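Residue strings, one per chain:
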Amino acid sequence: MADDAAAAVSVPERTSIPSGDDSVWADVSPLLESACKDLRDGELIHGDNFNLFAAMSALEIMDPKMDSGIVCKYYSIDEAIENGAAPVPISINKTVDVQCTIDIMDHLLACEATWHKGHSLAQTVFSCIYLLRPDRTSSHALLHSYCRVIRATCKAVISVVSDARTHEEDDLFTMAYGLPLDGDGDEKCLSLLNAVEETISRQLRACKAPSSRRRVLEDMEPLQTNLDLEEGYCKALLCRLRFRKHFYHALTSMRRPQGRGLELARKHIATCISELDCIYRSSDFLRSSACGTSEDGIENRTTASGCQPIGFDASLNCRLSAPTPPRAIKILSWKKAIEYFVKLLHDLDIICSYSLDPSLEGVLQFVVQFQKSQPDLVARAHLQLLLVQDGKLYGRDSMFTVITRAAVLPEVAKNHDVQKNEYFVQLGQLVINMLKILCTNAAWQRRKLGKMLQDWRVMYVQLELAFRKEFGEVSRIPEDENVCVKIFQHILLWVEEQTYWIASRFLILGFELELYSPSEYCMVYWYMYVVLIKLSEKTHLKMAAKNDMGKRKGKKKRDSAKDVAREYRIPPAVLFLQCQICLAEGLTMMLAALRNEHMILQSRNPFNTEQERFIQHFELLQKACIPDHVSFHSFRESTTYARLSTLVMYNYFKDAQRIAKEAKSSFSNDPDKLAELRKIEQVAEHNSIALNVISRVGALDPTLKASFEFSHHPYFATAVVKRS
Amino acid sequence: MELEAEKSLIQAESSDGPNSNSSDFVAHVRKLLFRRMLVGIRDGRFFLGTFHCMDKQGNIILQDAVEYRSTRRSSTSPMEQRCLGLILIPSSCRSSCHVGCSIEEQLSLLKL
């Protein structure tokens, strides 16, 4: 160290750091030292432009949390390689070489999962020195083919995520500065992988063949030298190689335009899942044949064998991972990595099995359902790219067509000039944005949906203005004669319906993100109730308009009595909303009554009033006037006088139960909706009983308290009555 | 911006007192402000930047600093560099400190 320091002092003269024209580097260390002694405590030497606040943001050298350049074990990748950190071959003993190769493969899988979970590529997958120098591995076919397919896969995944631009806050995902993502020949990774796979499967066949036939295959060189382990190692390698191959295939098939590769992708995904299972099961063999691994801490190991892999050093390209601070990253364990990939593959499979429903309603239902399983970034990016391609739904249906269908516009609209209207173009853009946002993670999604409400509202107002300008007062036009009027009316109705749908999604996501405290449930359910009422109203009107059109078409065939019967039936979609409305209203009133009668454990919030919290939660809805004329005061008004006695007489939960039962018969072929209705029924039943108990016993027993939990439904709470 | 700078100058003047009672050494170091400074640290890296500030403990702040770093352990290896901006070099890890100046100036510094 002393030697180093001595060398360093004289280095400026010897190194290439220029001191500028006509000047030299003068040593000022002694001067600084003397000056420090003379300075008073707290005194600084600084110029006019000094600003303490700005100085605080200085990056502190040698602070392990700030300085990513600290020299660790090696100064550079080349030096690490020269020191034998990543030898090729890994060992001259072929058995050890195979063992180590498998460890590298396993650790890379763990790194890849860690990267997908939001860490930088440089410090995860590319902590592998073999990946960083693509040409070095060329003499080692096995390792070379694996490294190639890993690089190619990373590249494919980055392209999906960056094209989708759903990478939200974890946007360091796609950062790959300075990393050799394009190895020479990586695009042909599959042919090399196939060749290696072929060789190993021949070796496997050779070692399994009875001795008589073995002679025929004798010119086949075994994978490694220990013949007892040959079969196990061949199998362990084969499933790893096959997994990579099919995973890469699955990713590329999914990217084919208009979802044409989905069916093929499903086959690859199925193979991937079964190969992952083989990989998982190879662990016993690998652990038993690996030497010197202890059982303790095996859960945290990043390899199947439990051995430390050779050739990894995350500190080497730490500086490439900027702007992430240089923190040590904990790589997921091998088991966790396999679990991650199984989940990812299942999520991708759900996407691939999607029927590409042409109706927007179907798309929205699918996306919402898909998001319930909380898929990770890569799966969500794939979904988004499938939904929106070249500004069209699935790259197939233009947004105008989608809107025409969603808003049940009359047939003629399809060829109508109206689609060139600038508002319709903007509306198409809004739909695209909405679809993209729905594919993002819950937190980001909620924020963006909230902001988007205003855009939809503005769109509505603009359309309405344009409509007025063009046609004046609606009443003055004979309705049947003007197609444009019809189109505009339908569109306005649909825009409103869509806006309320977004608002309800916004409110529901708050439960998923646990943004509401129990003392706020009352206002949240109340708001949900008013939004759902509006939503069902608009849906009902739309359905009526649709029926109206259908009726007109077949007017002559049907007798009028049937028509009347049809009109009085409430559409199933509306029934579905109505039972939710009853539940939301029931919960609002129950919570309000419990509060009014002091039967709920209420924690006073010391920081802000109820009104302030109301504004904090619903500001975005209020700004966009969703719904009109709704405020904190209307909430207070409708809940102040809630009493248990009146609530029991008019039991909203019973209504919810009844409507849910009725609606179930209409959704016999929609398992998602059926499951939802069943849950609603359960919540309604429980709450109905709880309400009865509390109203009967509550007056006699003041220790009786109600609390709420989400045991039956993710966002409709179930009341639990207990003695406190 | 200028106003702010002025304000901070006034503050500095009032808190530090006028320059009159600071030593020769301090006055000299003050003259080095805004000059190019090259600081070497114990792990072998160098930082080249504009001298911005120093406190009693000898911690130095450089502006627009560039990091120079060898690619090998041997001192003759090529250097790689990257820009870091505003950095604070704690005196504990500083191993050398040079200022770019003319030869005459270097001689006068040596006299100190």
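Per chain, residue numbering runs from 1 following the sequence as it is written. In the order they appear in the text, chains get letters beginning with A and ligands get numbers beginning with 1. The predicted nature of this model means local features are confined to residues of pLDDT at least 70 and side-chain atom pairs, given and counted, to a pLDDT of 80 or more, with totals for whole chains, interfaces and linings taken over all residues. Where side-chain values are given, they derive from all heavy atoms of the structure, hydrogens and water being excluded.

Examining the overall build of chain B
Now for step 1: Helical segments are the DSSP runs of H or I of at least four residues, strand segments are the runs of E of at least two, and each set is numbered from the N terminus. The number of helices and strands found in chain B is three helices and five strands.
Now for step 2: Helices and strands in chain B line up, N terminus first, as α-α-β-β-β-β-β-α.
Now for step 3: Out of the 112 residues in chain B, the part that is buried amounts to 47%.
Now for step 4: For chain B, the computed accessible surface area is about 5700 Å², with 55% contributed by carbon and sulfur atoms. Only protein chains enter the accessibility calculation, which uses a 1.4 Å probe; a residue is then buried when its area is under 20% of its type maximum, exposed when over 50%, and partly exposed in between. Only the protein chains shown count as cover for residues, and all accessible areas are computed by the Shrake-Rupley method using a 1.4 Å probe.

Some points on the overall build of chain A
Now for step 1: Check the secondary structure of chain A and you find 27 helices and eight strands.
Now for step 2: Counting across all 724 residues of chain A, residues that qualify as buried make up 54%.
Now for step 3: We call two residues contacting when some pair of their heavy atoms lies within 4.5 Å. Once local pairs closer than 6 in sequence are excluded, the contacts in chain A between residues at least 24 apart make up 76%.
Now for step 4: Accessible surface, chain A as shown: approximately 34000 Å² in total, 53% of it carbon and sulfur.

Observations concerning the domain arrangement of chain A
A common way to report how large an interface is uses the accessible area buried once the components associate.
Residues and elements named next belong to chain A.
Now for step 1: Boundaries of every domain are those given by an automatic assignment or by a domain database. You can read the domains of chain A as domain 1 (2-55), domain 2 (77-348), domain 3 (356-515) and domain 4 (569-724).
Now for step 2: Here the C-alpha centroids of domain 2 and domain 3 sit 42 Å apart.
Now for step 3: Of the residues lining the interface, 25 residues belong to domain 2; the matching set on domain 3 comes to 25 residues.
Now for step 4: Between domain 2 and domain 3, roughly 2000 Å² of surface is buried when both sides are summed, and carbon and sulfur atoms account for 64% of that area.
Now for step 5: The working definition used for a salt bridge is a side-chain nitrogen of Lys or Arg within 4 Å of a carboxyl oxygen of Asp or Glu. The residue Lys-117 makes a salt bridge to Asp-376 at a minimum N-O spacing of 3.4 Å.
Now for step 6: Here a polar contact means two N or O atoms within 3.5 Å. Within protein one must be a hydrogen donor candidate and the other an acceptor candidate, and residues neighboring in sequence count only if both atoms are side-chain atoms. At the junction of domain 2 with domain 3, the criterion picks out six residue pairs in polar contact (both at pLDDT 80 or more).
Now for step 7: Broken down by secondary-structure element, the contributors of at least two residues to the side of domain 2 that touches domain 3 are helix 7 (141-164), helix 10 (227-254) and helix 13 (334-352). The buried area of a pairing is the accessible area, by a 1.4 Å probe, that goes missing from both parts when the two are put together, added over both.

Concerning the packing of aromatic side chains
Residues and elements named next belong to chain A.
Now for step 1: Only Phe, Tyr and Trp rings are paired, with Trp represented by its six-membered ring, and only when their centres lie within 6.5 Å; those with planes under 30 degrees apart are stacked, over 60 edge-to-face, the remainder tilted. Here the structure, examined in full by the defined rule, presents 33 aromatic pairs over all chains.
Now for step 2: Measuring from ring centre to ring centre gives 6.2 Å for Phe-366 and Phe-370, while their planes differ by 20 degrees; the resulting arrangement is stacked. Placement of the pair is Phe-366 and Phe-370 together in helix 14 (residues 360-372), with a separation of four residues, close to one helical turn.
Now for step 3: Owing to a relative accessible area of 15%, Phe-366 belongs among the buried residues under this scheme.
Now for step 4: On the basis of relative accessibility, which here comes to 3%, the residue Phe-370 falls in the buried class.
Now for step 5: Aromatic pair Phe-511 and Tyr-516: ring centres 4.9 Å apart, planes at 75 degrees, arrangement edge-to-face. Here Phe-511 matches Tyr-516 in class, with each residue buried.
Now for step 6: Joined through ring pairs, the aromatic side chains of Phe-511, Tyr-516, Tyr-521, Tyr-525, Phe-710, Tyr-715 and Phe-716 make up one cluster.
Now for step 7: Comment: the charge-over-ring label is applied if NZ (Lys) or CZ (Arg) is within 6 Å of the ring centre and within 35 degrees of the ring normal. Geometry around Phe-506 places Arg-446 over its ring, the cationic atom sitting 4.0 Å from the centre.
Now for step 8: Over the ring of Phe-576 we find Lys-673, and its NZ or CZ is 5.1 Å from the ring centre.

Remarks on the interface of chain A and chain B
Now for step 1: Listed by partner, the interface residues are 59 residues for chain A and 67 residues for chain B.
Now for step 2: For the pairing of chain A and chain B, the buried interface totals around 5800 Å² over both sides, and the portion due to carbon and sulfur atoms is 61%.
Now for step 3: Among the residues chain A hides against chain B, the three largest losses belong to A:Ile45, A:Ile61 and A:Tyr75. Together they make up 13% of the total.
Now for step 4: Taken together, the links from chain A to chain B amount to one salt bridge.

Remarks on the pairing of strand 5 (residues 94-101) of chain B
Now for step 1: Of all eight residues in strand 5 of chain B, eight are buried, a share of seventy percent or more.
Now for step 2: Pairing between strands is defined by DSSP: at least two bridges between the two strands are required. Of the pairings in the sheet, the one linking strand 1 (residues 24-27) of chain A to strand 5 of chain B comprises four bridges and is antiparallel in character. Within the sheet, the bridge partner assigned to A:Asp27 lies in strand 5 of chain B and is B:His98.
Now for step 3: In the sheet, strand 1 (residues 36-41) of chain B pairs with strand 5 of chain B via five bridges, with the strands oriented antiparallel. Within the sheet, the bridge partner assigned to B:Val39 lies in strand 5 of chain B and is B:Cys97.

As for the sheet that holds strand 4 (residues 388-389) of chain A
Residues and elements named next belong to chain A.
Now for step 1: With antiparallel pairing, three strands are arranged side by side in an open sheet as 4-5-6. Among the strands making up the open sheet, the edge pair consists of strand 4 and strand 6 (397-398).
Now for step 2: The pairing of strand 4 with strand 5 (residues 392-393) spans two bridges and is antiparallel. By the bridge assignment, Gln-389 is partnered in strand 5 with Lys-392.

What about the pattern of salt bridges?
Residues and elements named next belong to chain B.
Now for step 1: Taken as a whole, this structure holds 33 salt bridges over all chains when the rule is applied.
Now for step 2: The partner of Glu-105 in a salt bridge is Arg-35, and the shortest N-O contact between them spans 2.7 Å. Of this pair, Glu-105 sits in helix 3 (residues 103-111) while Arg-35 is found in the loop between helix 2 (24-31) and strand 1, placing the two residues 70 residues apart along the sequence.

Regarding helix 19 (residues 483-512) of chain A
Now for step 1: To estimate how far a helix should reach, multiply one less than its number of residues by 1.5 Å. Across its 30 residues, helix 19 of chain A extends 43 Å between first and last C-alpha, which sits within 8% of the 44 Å expected from 1.5 Å per residue.
Now for step 2: Counted residue by residue, helix 19 of chain A has 27 buried out of 30 residues, so it is predominantly covered.

Let's talk about the packing of helix 22 (residues 572-596) of chain A against helix 27 (residues 671-697) of chain A
All names here are of chain A.
Now for step 1: Axis lines are fitted to C-alpha atoms, over the contacting stretch for helices. Their N-to-C directions set the angle, which ranges from 0 to 180 degrees. Two elements in contact, helix 22 and helix 27, have axes separated by 11 Å at closest approach and are oriented at 30 degrees. Comparing the axis directions of helix 22 and helix 27 gives the class roughly parallel. Every pair of crossing elements has a handedness; the one defined by helix 22 and helix 27 is left-handed. Here Phe-576, Cys-579, Gln-580, Leu-583, Leu-587, Met-590 and Leu-594 of helix 22 lie close against helix 27, whose contacting residues are Lys-673, Glu-676, Leu-677, Ile-680, Val-683, Ala-684, Asn-687, Ala-690, Leu-691 and Ile-694.
Now for step 2: The nonpolar class holds Ala, Val, Leu, Ile, Met, Phe, Trp, Tyr, Cys and Pro. Asp, Glu, Lys and Arg form the charged class, and all remaining residues, Gly among them, are polar. Residues of the contact of helix 22 with helix 27, tallied by class, amount to 13 nonpolar, two polar and two charged. Angular relationships are summarised with four words: roughly parallel below 35 degrees, roughly antiparallel beyond 145, roughly perpendicular across 65 to 115, and oblique for the angles in between. By definition, any crossing whose near helix is turned counterclockwise from its far helix by less than a right angle is left-handed, and any crossing with a clockwise turn is right-handed.

With respect to helix 24 (residues 632-639) of chain A
Now for step 1: Those residues of helix 24 of chain A not exposed but buried are A:Phe632, A:Phe635 and A:Thr639. Around the axis of helix 24 of chain A, the buried residues are gathered within 60 degrees of arc, so they sit on the same side. Regarding the arc, it is the one traced by the directions from the helix axis to the C-beta atoms.

Points about the side chain of B:Asp43
Now for step 1: Take B:Asp43: it is sitting in the loop between strand 1 and strand 2 (46-55).
Now for step 2: Setting aside residues up to four positions removed in sequence, B:Asp43 forms contacts with A:Met62, A:Gly69, A:Ile70, A:Val71 and A:Tyr75.

Notes on unusual backbone geometry
Residue and element names in this part refer to chain A.
Now for step 1: The residue after Val-88, namely Pro-89, is reached through a cis peptide bond having omega -10 degrees.
Now for step 2: As for its placement among the helices and strands, Pro-89 is situated in the loop between helix 4 (77-82) and helix 5 (94-116).
Now for step 3: Looking along the chain, the bond that leaves Ile-626 and enters Pro-627 is cis, with omega of -20 degrees.
Now for step 4: With respect to the element layout, Pro-627 can be found in the loop between helix 23 (610-623) and helix 24.
Now for step 5: You will see that Leu-356, though not glycine, has its phi angle at about 55 degrees, which is positive.
Now for step 6: Within the fold, Leu-356 resides in the loop between helix 13 and helix 14.
Now for step 7: Despite not being glycine, Gln-374 has its phi angle at roughly 50 degrees, a positive value.
Now for step 8: Looking at Gln-374, the relative accessible area reads 52%, which means it is exposed.

Remarks on the confidence of the model for chain B
Residues and elements named next belong to chain B.
Now for step 1: For every residue, the predictor assigns a confidence score, pLDDT, that lies between 0 and 100. Of the residues in chain B, 79% reach a pLDDT of 70 or more, and the chain-wide mean stands at 79.
Now for step 2: Across chain B, element-level confidence peaks in strand 2 with a mean pLDDT of 94 and bottoms out in helix 1 (residues 2-16) with 42.
Now for step 3: For residues 1-20, every residue scores under 50 in pLDDT, and the model assigns this stretch 15 contacts once sequence neighbours within four places are set aside.
Now for step 4: At the level of chain-chain contacts, confidence expressed as ipTM amounts to 0.82, with global pTM at 0.84.

A closer look at the environment of A:Lys235
Residues and elements named next belong to chain A.
Now for step 1: As for its placement among the helices and strands, Lys-235 is situated in helix 10.
Now for step 2: Between the C-alpha atom of Lys-235 and that of Cys-278, which follows or precedes it by 43 residues, the distance is 8.5 Å.
Now for step 3: Each residue touching Lys-235, except ones within four places of it in the same chain, is listed here: Leu-204 and Lys-208.

Remarks on the environment of A:Arg446
All names here are of chain A.
Now for step 1: Counting through the fold element by element, Arg-446 comes out in helix 18 (residues 442-471).
Now for step 2: With 138 residues separating them along the chain, Arg-446 and Ala-584 place their C-alpha atoms 20 Å apart.
Now for step 3: Dropping the residues within four chain positions of it, Arg-446 is found in contact with Phe-506, Leu-509, Gly-510, Leu-513, Leu-515, Tyr-516 and His-617.
Now for step 4: At a separation of 3.1 Å, a polar atom in the side chain of Arg-446 contacts the side chain of Tyr-516.

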